[in-house]
Amino acid sequence: MYRNFPEAFFTRRNFLKGMAASSAILAINGAPSLLYAGQPKRGGTLRVSVSRELKTLNPLRHVNLSEYMQGELMYSGLVKLSKDLQPVPDVAVKWGSPDAVNWTFELRKGVRFQNGKELTADDVVATITKILDPATASPGRKNIGPIKEVKAEGKYIVKIITQYPFSFLPQSLAYPCMKIIPADVLAGSYDTLATKGYGSGPFKLREYVPGTHVILERNPDYFDGDKPYLNEVQMLILPDSVAETNALLTGQIDWVVEANVNQLSRLQKDANIKLDRIGTGQFPTINFGCDSRPFDDVRVRKALSLCLDRQMALDMCLEGYGRIANDNPISPEYQFYHAIPQRKQDLETAARLLKEAGIKKGTTLPLYIAATPAVRGKLGVVMQQCAAQVGVNIKLQHVDYSTFLDQIWKKANFYVGWYNMQSCEDAMFHLLYTSDASWNEMRWNNKTFDAHVLAARQELDPVKQRAEFAACQQMIHDEVPNIIPFYNDFVTAYRSNVNGVVRNPRNTFFTIENIWMN
Amino acid sequence: MSRLFSIFSTLRRYPSAFVGSILVSCLLIVALLAPVLAPHDPLKLNPRERFAPPSIEHVMGTDEYGRDVFSRIIMGTQTSLGVGLSITVICAVVGGLIGLSSGYFGGRADELIMRIMDVLMAFPGILFALLILSMLGSSILNVILAISVTGIPKTARVARSACLNIRSEEFIEAARARGEKTWYILLMEILPNAVQPIIVEASIKVGFVILTASSLSFLGLGIQPPTPDWGLIVGDAREYIFEAPMLIVWPILAIAFTTISFNLLGDGLRDILDPKELGRV
């Protein structure tokens with residue numbers, strides 16, 4: 001119904017093979033060539049709206065999109081992920097390892113923090129040590145890789161030793177919490193990070209009003225050539241998507257990062273507004289607590305998955321802005337995606353499986369749903385109606401987001417989840433599916449699966465690695481620890497005088513330093 | 001029959017009561033017959049008919065799930081009236097008893113009860129209800145409980161002041177002198193003479209309560225989807241306000257209509273039950 005703007009280009013990873021590709025090359029490859037018809041111009045203010053509130057400015061504690069964006073504006077990391085999910089240089093210009101255990105990262109020379117001090121290997125070591133310290137409670141602790149030891153060799157070389165061969169270390173170090181902070185700030189005034197900025201990023205903090213806005217100004221000492229082009233970036237927090245759309249239409253803001261697909265028809269009518277759409281590996285789920293009745297029975301999980309009409313769910317939840325998924329958390333964007341024949345709605349088999357599992361008609365199951373994003377609620381309604389067709393009575397229980405995080409998330413045994421794409425297959429499995437996963441919400445605890453993941457992450461031969469990861473995906477598909485009905489598309493909307501907007505499917509990089517205004 | 005006729009002739013002299021009682025009767029009939037009146041299953045998803053405009057098949061069109069809006073509005077009458085009336089009855093009974101006994105006993109007990117009521121009243125009603133709901137979880141029963149708790153203090157105050165007026169009347173003293181039990185004095189002597197303000201307060205409250213319950217559902221903390229509920233329909237339709245503006249208009253009309261109906265009836269009852277007017281009934 002709203003398909004009359006160019007389909008996103010699902011171009012893939014073949015762009016950037018070389019590890020030492022400069023970020024200038026990234027910019028050219030990463031955006032439609034049309035945008036680069038003119039030369040980037042210096043100056044201007046970008047007003048960008050985000051829907052979620054920032055709880056802290058401290059990048060080590062960041063958890064949501066608004067915070068990731070602010071972290072990227074004010075700080076630099078070692079490595080970034082390109083839109084093809086390849087690691088590309090940030091402060092580190094070169095990296096490598098002979099055995100995937102002993103890693104060397106070479107830093108850019110002459111990078112300065114905003115207090116004038118030079119960024120050196122000591123700062124990187126201090127930052128990684130701080131993230132790994134359980135007392136910091138950084139979400140990065142389990143996500144930046146199985147790091148055993150980190151040390152500085154001279155001013156510009158960082159050595160990292162992993163617990164076992166781990167070929168995904170560069171991708172893992174692109175985790176958004178991994179932002180380099182001056183060693184003396186970490187040691188002396190760590191608490192001030194929540195409200196102040198000390199990074200070496202493209203912009204400096206000017207003003208932060210919690211719940212309202214963050215204003216940042218150009219960092220003239222930024223290490224990357226002419227960048228950033230903008231004089232000022234205003235991040236405005238607009239939780240109401242209708243208000244956000246209106247603000248874009250009336251020119252009060254320049255860029256809506258996450259455009260609501262229900263309001264695209266209004267945006268399409270305006271010639272001054274551009275829309276970009278990309279496919280991503282972000283998805284909602286229906287999570288089962290695999291350690292408790294009745295979801296400990298794989299037949300019950302499979303039956304519920306089989307009764308879902310995925311096309312209907314996609315249309316009603318996202319107006320078709322997504323792709324049908326196959327209960328596989330790995331989308332085609334990932335390097336080791338494994339195609340499995342699509343699971344389709346099959347009410348007969350579902351009813352038979354439920355009967356075999358001893359589930360009586362009219363069994364009531366409460367399904368918990370957080371209020372935001374609204375897709376969760378819609379998926380709940382569709383699931384409820386689909387399950388009713390095989391005699392399962394799903395009772396929807398809506399809770400507000402903070403109650404959800406407090407009481408339901410990781411605790412309940414039947415709820416709607418929502419996950420970003422991860423940097424690689426390994427990161428996804430270690431976030432959700434292995435017995436020692438950071439969240440392990442489904443409590444699937446499957447030893448065979450754990451063994452496959454461990455084998456895959458240690459394997460250096462890409463062919464064998466692909467086979468191991470394929471086995472992992474097949475197991476998840478067969479055992480259904482959670483239902484994954486579809487992958488979301490990202491739609492971003494901006495005024496036509498904004499150039500160089502690139503949405504990264506990983507949803508943690510925004511590369512605002514490449515943006516310029518006409 | 002003659003009694004019905006006398007009620008009717010009384011109502012005719014009070015236009016707001018007359019109109020209000022007719023509208024409320026209509027609502028009650030719709031609520032009772034809702035499953036018969038609704039032309040479609042209000043829960044059935046229909047992917048091929050999403051956002052359909054009004055037609056003979058779908059009088060008010062269909063919503064984002066292709067469900068028939070007219071059927072949902074009709075079924076919503078049950079939820080709204082059910083919640084509204086049960087809360088009002090709870091408030092009138094519990095608040096009435098608290099107020100009457102507080103007024104009758106007087107002294108320290110009165111002080112204690114009324115200060116507790118004052119504390120409860122000091123909270124803004126909807127915030128207090130939100131607090132209770134986020135502690136207990138969202139369900140119809142908890143909505144009823146939450147709004148009742150916020151509504152009881154007002155009824156208690158009304159009942160108490162009515163009780164204070166007649167507490168020292170001679171017939172009460174007579175009853176005491178006869179050695180009647182306290183509950184007998186409260187229920188058989190005081191209540192019949194203090195019931196009018198409680199009834200008026202209750203009838204005005206219904207509209208307000210329905211509005212509060214709808215607000216809670218709108219915020220996602222009241223009735224749970226997919227139950228057809230007007231507040232919930234408004235909340236869901238908000239996202240489509242420019243695509244399908246009528247989706248939000250229908251439930252709002254229903255809420256406004258119901259609130260106005262009950263307020264008219266309440267106003268009318270207040271006039272009719274006014275002691276100065278009572279002689280004429």
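Structure: see above.
Residues numbered from 1 in each chain as written. Chains lettered and ligands numbered in written order. Predicted model: local features only at pLDDT ≥ 70, side-chain atom pairs only at ≥ 80, totals over all residues. Heavy atoms only, no water.

*Asks:* Can you help me understand the overall build of chain A in this one?
*Replies:* Helix and strand content of chain A: 15 helices and 21 strands. On C-alpha atoms alone, chain A measures out to a radius of gyration of 23 Å, which is about the 24 Å that the 2.2 N^0.38 rule sets for 518 residues. Structurally, chain A occupies a C-alpha span of about 70 × 55 × 40 Å along its principal axes. For chain A, buried positions account for 61% of its 518 residues. Nonlocal contacts in chain A, meaning residues at least 24 apart in sequence, comprise 71% of its contacts between residues at least 6 apart. Total accessible area computed for chain A in this model is approximately 19000 Å², and 52% of it derives from carbon and sulfur atoms. (Helix = DSSP H or I, 4+ residues; strand = E, 2+ residues; numbered from the N terminus. Rg over C-alpha atoms; globule rule 2.2 N^0.38 Å. Buried < 20%, exposed > 50% of the residue type's maximum accessible area, 1.4 Å probe, protein only. Contact = heavy atoms within 4.5 Å. Areas by Shrake-Rupley, 256 points an atom, 1.4 Å probe, with all protein chains shown as cover.)

*Asks:* Hey, could you run me through the side chain of Thr120 of chain A in this one?
*Replies:* All names here are of chain A. You can see Thr120 is positioned in the loop between strand S5 (102-107) and helix H3 (121-132). Look at Thr120 and you get buried, because its relative accessible area is 11%. The contact partners of Thr120, leaving out residues within four places of it in the chain, are Leu107 and Lys155.

*Asks:* Explain the interface of chain B and chain A to me, please; I cannot follow it from the model alone.
*Replies:* Many structure descriptions define interface size as the accessible area lost when the parts assemble. On the chain A side, the residues contacting the 22 residues of chain B number 24 residues. Together chain B and chain A conceal approximately 2100 Å² of surface at their shared face, both sides included; 55% is due to carbon and sulfur atoms. It is Tyr65, Glu239 and Glu243 of chain B in chain B that bury the most area against chain A; as a group they hold 28% of the surface buried on that side. At the junction of chain B and chain A, the tally comes to three salt bridges. Its salt-bridge partner being Lys378 of chain A, residue Glu239 of chain B comes within 3.4 Å of it at the nearest N-O pair. Where chain B packs against chain A, one counts ten residue pairs in polar contact (both at pLDDT 80 or more). (Buried area = accessible area lost by both parts, 1.4 Å probe. Salt bridge = Lys/Arg side-chain N within 4 Å of Asp/Glu carboxyl O. Polar contact = N/O pair within 3.5 Å; in protein donor to acceptor, adjacent residues only side chain to side chain.)

*Asks:* What is the right way to read the nonpolar core from this model?
*Replies:* Within soluble globular proteins, side chains that are nonpolar tend to cluster in buried spots. Core analysis: the largest hydrophobic core is formed by 160 residues, its most contacted members being Phe105, Leu304 and Ile512 of chain A. The residues touching Leu304 of chain A, leaving out its near neighbours within four places in the chain, are Phe288, Phe295, Met383, Ala387, Val392, Phe414 and Ile483 of chain A. Of all hydrophobic cores here, the second largest spans 21 residues; its members include Ile87, Cys91, Leu130 and Ile223 of chain B. (Core = buried A, V, L, I, M, F, W, Y, C linked by side-chain atoms within 4.5 Å.)

*Asks:* So what exactly am I meant to see when it comes to the packing of aromatic side chains here?
*Replies:* Any two aromatic rings considered together are summarised by their centre-to-centre distance and by the angle between their planes. Residue and element names in this part refer to chain A. Applying the stated criterion across every chain, the model contains 22 aromatic pairs over all chains. When the ring of Phe283 is compared with that of Tyr419, the centres are 5.9 Å apart and the planes differ by 50°; the resulting orientation is tilted. Of this pair, Phe283 sits in strand S13 (residues 283-288) while Tyr419 sits in strand S17 (residues 414-419), and the two are 136 residues apart along the sequence. For Phe283, a relative accessible area of 0% corresponds to the buried category. Among the aromatic residues, those joined into a cluster by ring pairs are Phe166, Phe168, Phe336, Phe429, Tyr433, Trp444, Phe449 and Phe469. Its end group placed over the ring of Trp409, Lys410 keeps NZ or CZ at 4.4 Å from the ring centre. The aromatic ring of Phe490 is capped on one face by Arg503, whose charged end is 4.3 Å from the ring centroid. (Phe/Tyr/Trp six-rings, centres within 6.5 Å; stacked < 30°, edge-to-face > 60°. Lys NZ or Arg CZ within 6 Å of the ring centre and 35° of its normal.)

*Asks:* Teacher, can you tell me more about the pattern of salt bridges here?
*Replies:* A side chain of one charge can pair with a side chain of the opposite charge when the charged atoms of the two come close. All names here are of chain B. In the structure shown here, the tally under the stated rule is 34 salt bridges over all chains. The partner of Arg72 in a salt bridge is Asp63, with the nearest N and O atoms 3.8 Å apart. Residue Arg72 shares its accessibility class with Asp63, and that shared class is buried. Residues Glu180 and Arg178 are paired through a salt bridge, measuring 3.0 Å at the closest nitrogen-oxygen approach. Take Glu180: its relative accessible area is 28%, and that puts it in the partly exposed class. A relative accessible area of 49% places Arg178 in the partly exposed class. One network of salt bridges, in which partners are shared, links Glu111, Arg115, Asp118 and Arg157.

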